[in-house]
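# Geometric and topological summary
Read off the chains here:
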Amino acid sequence: MSSLFQFLLLLLLLLARVVYSSSEYLIGVGSYDITGPAADVNMMGYANSDQIASGIHFRLRARAFIVADPQGNNRVAFVNLDACMASQIVTIKLLERLKARYGDVYTEKNVAISGIHTHAGPGGYLQYVTYIVTSLGFVRQSFDVLVDGIEQSIIQAHQSLRPGSVFVNKGDLLDAGVNRSPSSYLNNPASERSKYKYNVDKEMTLLKFVDSQLGPIGSFNWFATHGTSMSRTNSLISGDNKGAAARFMEDWFQNGQKNADSIRQIPRRVSNIVSDLSRNQSRLLDIAASFKSSRGQRVAKSVDSKIRVRKASKRTFVSAFCQSNCGDVSPNTLGTLCIDTGLPCDFNHSTCNGKNELCYGRGPGYPDEFESTRIIGEKQFKMAVELFNKASEKLQGKIGYQHAYLDFSNLEVTVPKAGGGVETVKTCPAAMGFGFAAGTTDGPGAFDFKQGDDQGNVFWRLVRNVLTTPGPEQVQCQKPKPILLDTGEMKTPYDWAPSILPIQILRIGQLVILSVPGEFTTMAGRRLRDAVKSHFISLNSKEFGNNLHVVIAGLTNTYSQYIATFQEYEVQRYEGASTLYGPHTLTAYIQEFKKLATALVNGQTLPLGPQPPDLLNKQISLLSPVVVDSTPLGVSFGDVKADVPPKSTFKRGQQVNATFWSGCPRNDLMTEGSFAVVETLRDGGKWFPVYDDDDFSLKFKWSREEKLSPESQATVEWRIPASAVAGVYRLRHYGASKSLFGSISSFSGSSNAFVVV
């Protein structure tokens, strides 16, 4: 018996060795809800104080991957956020939690946190004043849900680490982005522009993660296009086009990897619910008529975990659509037109009769921003599916990383001189130009600002000087930018803009990820990628050769606005006016990333550099708390206010609504739960959830009749998809109310049943 046991043990060890030897790495993925407050909070991105969250288009998530060498000694973690950008204070507090949990396994060196740049997520989670003015300061709920969600996604990825392989593939996606500042791009040297076919990057780079036993477990890709398919007037929380693409791809995989061309039939999980009754419409109507809307009723808080359609499991497939050098890339591909005349906007300044407020880019679904979001998301999804299915190049080689903090307000940079040779210049304290206030064609600004303004005007200089007057050295350093806001030198009540920024390189075999804390324009990104790639090859041509993939992960670890080329900076359109640290910002990045590359190849340890400030205890919040929720006399929370008509029949493509008396969504974020659910009647008379507020077809809308009223309503709005199964359905709302004494109570209510044929 003992010899048999020894034989079996030896066999198991040999099999395990085969698994590890055929797998380059340990891999793991994770995903967690980061949706945040769906009411009262200003959205981050457009800086439009009137854009206040009032519901959910679909939920936001943090998606993570971890790749480690077989021994687990070296590893990198990358987290993609359905958020506008990463935040320095979120990163600081997340790293503190990881240190408490894992020691020095995960640090600022090997953890990257990147935002997709949706402009439809709750704001108030950054620590610098400039980025939280419109959100009335710091919003603790927005901050907490991000830190919690990122941590949970990393925990999931860490706990699921198993032997596996990572494959890389690349391909061009031609019609998901256009250059929104073409006059600025044209100021780059003609010889440089001639190297490229397009004035935006079209390449998508995708990683495919394959568990040695379970098979594919995830995919992450990088592609440059702005998260501005949803407009500056939208009030529903949304992951925009990249969040939509992620939802489509995850549902595609979980539903058997059908043909990507049948996207409208893909995101569905209910094909097993078809009943014999679905063949008899009259019988279905009789059944529906017997299920009237329910009175609102209290429910246990634990019910949150029971109302998700997508249940977490060990086989959960995680797909992330990450951001790259999107600085001047718009998803509004139909071009920029004047809303008053329908004529093209002025080419150089993006104005209409001198006014920037009238010039807007149009998405492919115009005038329906939800359709534009779907179309651009679907294009990225289909490209990712093609790359995923054909991925065959395996990443092989070392896991590595380098990281440094740099003071970009006073960084020495070596640049070539016009007459030959080199000279040393410096970057500047952060400042924004007049062209910044003009906004972009994705979201124009106000007043009389315009893009391409390199002069400014007297009136706005006087207004600026009330806050702070830039000194002559700063004015000279930032030229030709006319300074509107000297944010780097504004310290009241605390810092308005960052000075110390992180830069980072993550390496997985022949893939190099450049983590940048801002939005690089197309040409700025090209210069950085090319410079770093050439530098790696020059350091070790034998190891890297020409088979080196370099991607830029934009808006990573913190946020510092834009990075334009020197020539684009001269034009002072929005991107140049938002390049905070002066005309040599890009050159500084290239110089410092080369230093990181050298240290990575040579195995050197670089000094961390100056630490960024932790301003959490200085934050000010002016957002009013939820005081109390109430309903009219004789009405309960969850009662139906506007019901689905009795014995209603709907066809696929039609919309069905129900409105409920509700409480403020800030009372309970329903994290990993749902405010809105579509239920179908199964054989046996039980209701089963089939769609929730993480579905593209279902919207949760919340409102108050009066701004300060304690009474509110929630509308569940379902556009019946083509893939919906014929049967009996109803709409359900889950929420939470706050009493005058501060206690929170959960409730739910349901609509009349109806038939889908």
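Residues numbered from 1 in each chain as written. Predicted model: local features only at pLDDT ≥ 70, side-chain atom pairs only at ≥ 80, totals over all residues. Heavy atoms only, no water.

## Some details on the overall build of the protein
Per the secondary structure count, the protein includes 15 helices and 37 strands. The globule rule puts the C-alpha radius of gyration for 757 residues at 27 Å, and the 27 Å found for the protein is close to it. Counting across all 757 residues of the protein, residues that qualify as buried make up 61%. Counting contacts in the protein only where the partners sit at least 6 residues apart, residues at least 24 apart contribute 77% of the total. Carbon and sulfur atoms make up 53% of the accessible area of the protein, which amounts to about 29,200 Å² in all. For the protein, the distance from the average position of its 79 positive side-chain charges to the average position of its 69 negative side-chain charges is 5 Å. (Helix = DSSP H or I, 4+ residues; strand = E, 2+ residues; numbered from the N terminus. Rg over C-alpha atoms; globule rule 2.2 N^0.38 Å. Buried < 20%, exposed > 50% of the residue type's maximum accessible area, 1.4 Å probe, protein only. Contact = heavy atoms within 4.5 Å. Areas by Shrake-Rupley, 256 points an atom, 1.4 Å probe, with all protein chains shown as cover. Lys, Arg positive; Asp, Glu negative; His and termini not counted. Charge placed at Lys NZ, Arg CZ, Asp CG, Glu CD.)

## Concerning the sheet that holds strand β26 (residues 549–553)
Within a sheet, neighbouring strands are paired by backbone hydrogen bonds and run either parallel or antiparallel to one another. The strand order across the open sheet formed by four strands is β18-β23-β24-β26, and the pairing between neighbours is mixed. One side of each edge strand has no neighbouring strand; the edge strands of this open sheet are β18 (399–407) and β26. Each adjacent strand pair in this sheet contributes to an overall mean axis angle of 15°, direction not counted. In this sheet, strand β24 (residues 511–515) lies alongside strand β23 (residues 500–508) in antiparallel orientation, the contact comprising five bridges. Looking at β24, one finds that Gln504 is bridged to Ser515. Where helix α15 (residues 585–602) meets the sheet, it contacts β18, β23 and β24, and its direction lies at approximately 45° from that of β23. (Pairing = 2+ DSSP bridges. Axes fitted to C-alpha atoms, helices over the stretch in contact; angles between N-to-C directions.)

## Quick word on the sheet that holds strand β28 (residues 640–642)
Taking strand neighbours across the sheet as the criterion, the seven strands line up as β7-β2-β3-β33-β34-β30-β28 in an open arrangement whose pairing is antiparallel. Two strands in the sheet have a free side with no partner beyond their single neighbour: β7 (121–122) and β28.

## Focus on the state of the cysteines
Using the criterion set out here, one finds three disulfides in the structure. In the protein, the bonded cysteines, taken in the order they occur along the sequence, pair up as 1-3, 2-4, 5-6. This cysteine, Cys84, is not joined by any disulfide, and Cys326 carries the nearest cysteine sulfur, 9.2 Å off. (Disulfide = S-S within 2.5 Å.)

## Topic: the nonpolar core
By size, the foremost hydrophobic cluster in this structure holds 132 residues, and its most contacted members are Tyr125, Phe593 and Trp718. When residues in this core are grouped by element, the largest group, eight residues, is from α15. When residues no more than four places from it in sequence are discounted, the contact partners of Phe593 are Ile503, Gln504, Ile505, Leu514, Ser515, Val516, Leu528 and Val532. Counting 26 residues, the second-largest nonpolar core is a separate cluster that includes Phe65, Val67, Phe209 and Leu511. (Core = buried A, V, L, I, M, F, W, Y, C linked by side-chain atoms within 4.5 Å.)

## Side note on the packing of aromatic side chains
In the structure shown here, the tally under the stated rule is 35 aromatic pairs. Each ring, one from Trp252 and one from Phe381, has its centre 6.4 Å from the other, and the planes form 70°; the classification is edge-to-face. One end of the pair, Trp252, is in helix α6 (residues 240–254); the other, Phe381, is in helix α8 (residues 369–390), with 129 residues separating them in the sequence. According to the relative accessible area criterion, Trp252 is buried, its value standing at 1%. A ring pair is formed by Phe408 and Tyr581, whose centres lie 5.7 Å apart and whose planes are at 55°; its orientation type is tilted. Separated by 173 residues along the polypeptide, Phe408 in the loop between β18 and β19 (412–416) and Tyr581 in the loop between α14 (574–577) and α15 bring together distant segments of the chain. Across the pair, Tyr581 and Phe408 agree in class, each one buried. The structure contains a cluster of three or more aromatic residues connected by ring pairs, namely Phe58, Phe248, Trp252, Phe253, Phe317, Phe381, Phe388 and Phe696. (Phe/Tyr/Trp six-rings, centres within 6.5 Å; stacked < 30°, edge-to-face > 60°.)

## Observations concerning the UniProt feature "domain: Neutral/alkaline non-lysosomal ceramidase C-terminal" (unreviewed entry) in the protein
Per the UniProt record, the feature "domain: Neutral/alkaline non-lysosomal ceramidase C-terminal" (unreviewed entry) sits at residues 593–756. Measuring from the first to the last C-alpha atom of residues 593–756 gives 57 Å, for a span that is 6% helix and 39% strand. (UniProt positions renumbered as here; feature names shortened; annotations may be inferred.)

## Points about helix α2 (residues 88–102)
Taking 1.5 Å per residue as the helical rise, α2 with its 15 residues ought to reach 21 Å, and the 21 Å between its terminal C-alpha atoms agrees with that figure. All of the buried residues in α2 are Gln88, Ile89, Val90, Thr91, Ile92, Lys93, Leu94, Leu95, Leu98 and Tyr102. Just downstream of α2 lies Gly103, where phi reads positive at about 70°. (Expected span 1.5 Å × (residues − 1).)

## Looking at the confidence of the model for the protein
The predicted model of the protein averages 93 in pLDDT, with 93% of residues at 70 or higher. Per-residue pLDDT stays below 50 along residues 263–275; that stretch engages in 42 contacts with residues further than four places along the chain or on separate chains. (pLDDT = per-residue confidence, 0-100.)

## Side note on the UniProt feature "active site" (unreviewed entry) in the protein
Here, UniProt's "active site" (unreviewed entry) annotation points to Ser330. Of note, Ser330 is situated in strand β14 (residues 329–330). Residues within four places of Ser330 in sequence aside, it is in contact with Ala176, Gly177, Val178, Arg180, Thr225, His226 and Asp442.

## Describing the packing of α2 against helix α3 (residues 140–159)
Any two packed helices are characterised by how steeply their axes cross, that is the angle between the axes, and by the distance between the axes. Relative to each other, α2 and α3 sit at 40°, their axes nearing to 10 Å. With respect to α3, the element α2 is oriented oblique. You can see that α2 and α3 cross each other, and the crossing is right-handed. Judged by residue contacts, Ile89, Val90, Lys93, Leu94, Arg97, Leu98, Arg101 and Tyr102 of α2 engage Phe143, Leu146, Val147, Asp148, Ile150, Glu151, Ile154, Ile155 and His158 from α3. Its residues assigned to classes, the contact of α2 with α3 shows 11 nonpolar, one polar and five charged. (Parallel < 35°, antiparallel > 145°, perpendicular 65-115°, else oblique. Left-handed = near helix turned anticlockwise from the far one by under 90°. Nonpolar A, V, L, I, M, F, W, Y, C, P; charged D, E, K, R; others polar.)

## Quick look at the pairing of strand β32 (residues 686–692)
With five of its seven residues buried, β32 lies for the most part within the structure. When strand β31 (residues 676–682) meets β32, the two strands line up antiparallel, connected through six bridges. When the sheet's bridge partners are listed, Val677 is paired in β32 with Asp692.

## Structural notes on the side chain of Thr631
Inspection of the secondary structure assignment puts Thr631 in the loop between α15 and β28. At 2.6 Å, the side chain of Thr631 and the backbone oxygen of Val635 are in polar contact. Those residues in contact with Thr631, other than ones at most four positions away along the chain, are Ser636, Phe637, Trp661 and Glu711. (Polar contact = N/O pair within 3.5 Å; in protein donor to acceptor, adjacent residues only side chain to side chain.)

## Some words on the domain arrangement of the protein
With domains assigned, the protein is organised as domain 1 (25–261 + 312–408 + 496–618), domain 2 (412–485) and domain 3 (625–756). Every contact between the two is made by 43 residues of domain 1 and, on the other side, 37 residues of domain 2. Summed over both sides, the interface of domain 1 with domain 2 buries roughly 3,000 Å², with 55% coming from carbon and sulfur. Looking only at domain 1, the three residues that lose the most surface to domain 2 are Asn356, Gln572 and Tyr574, adding up to 20% of its buried area. At the junction of domain 1 and domain 2, the tally comes to one salt bridge. One salt bridge connects Asp442 with Arg180, and the closest N-O pair in it is separated by 2.9 Å. (Domains from an automatic or database assignment. Buried area = accessible area lost by both parts, 1.4 Å probe. Salt bridge = Lys/Arg side-chain N within 4 Å of Asp/Glu carboxyl O.)

## Notes on the packing of α6 against α8
It is the contact of α6 with α8, at a shortest axis distance of 7 Å, that shows an interaxial angle of 50°. What the angle tells us is that α6 and α8 run oblique. Judged by the twist between their axes, the crossing of α6 over α8 is right-handed. Facing α6, whose interface residues are Asp240, Asn241, Lys242, Ala244, Ala245, Phe248, Met249, Trp252 and Phe253, α8 presents Thr373, Arg374, Ile376, Gly377, Glu378, Gln380, Phe381, Ala384, Val385, Phe388 and Asn389.

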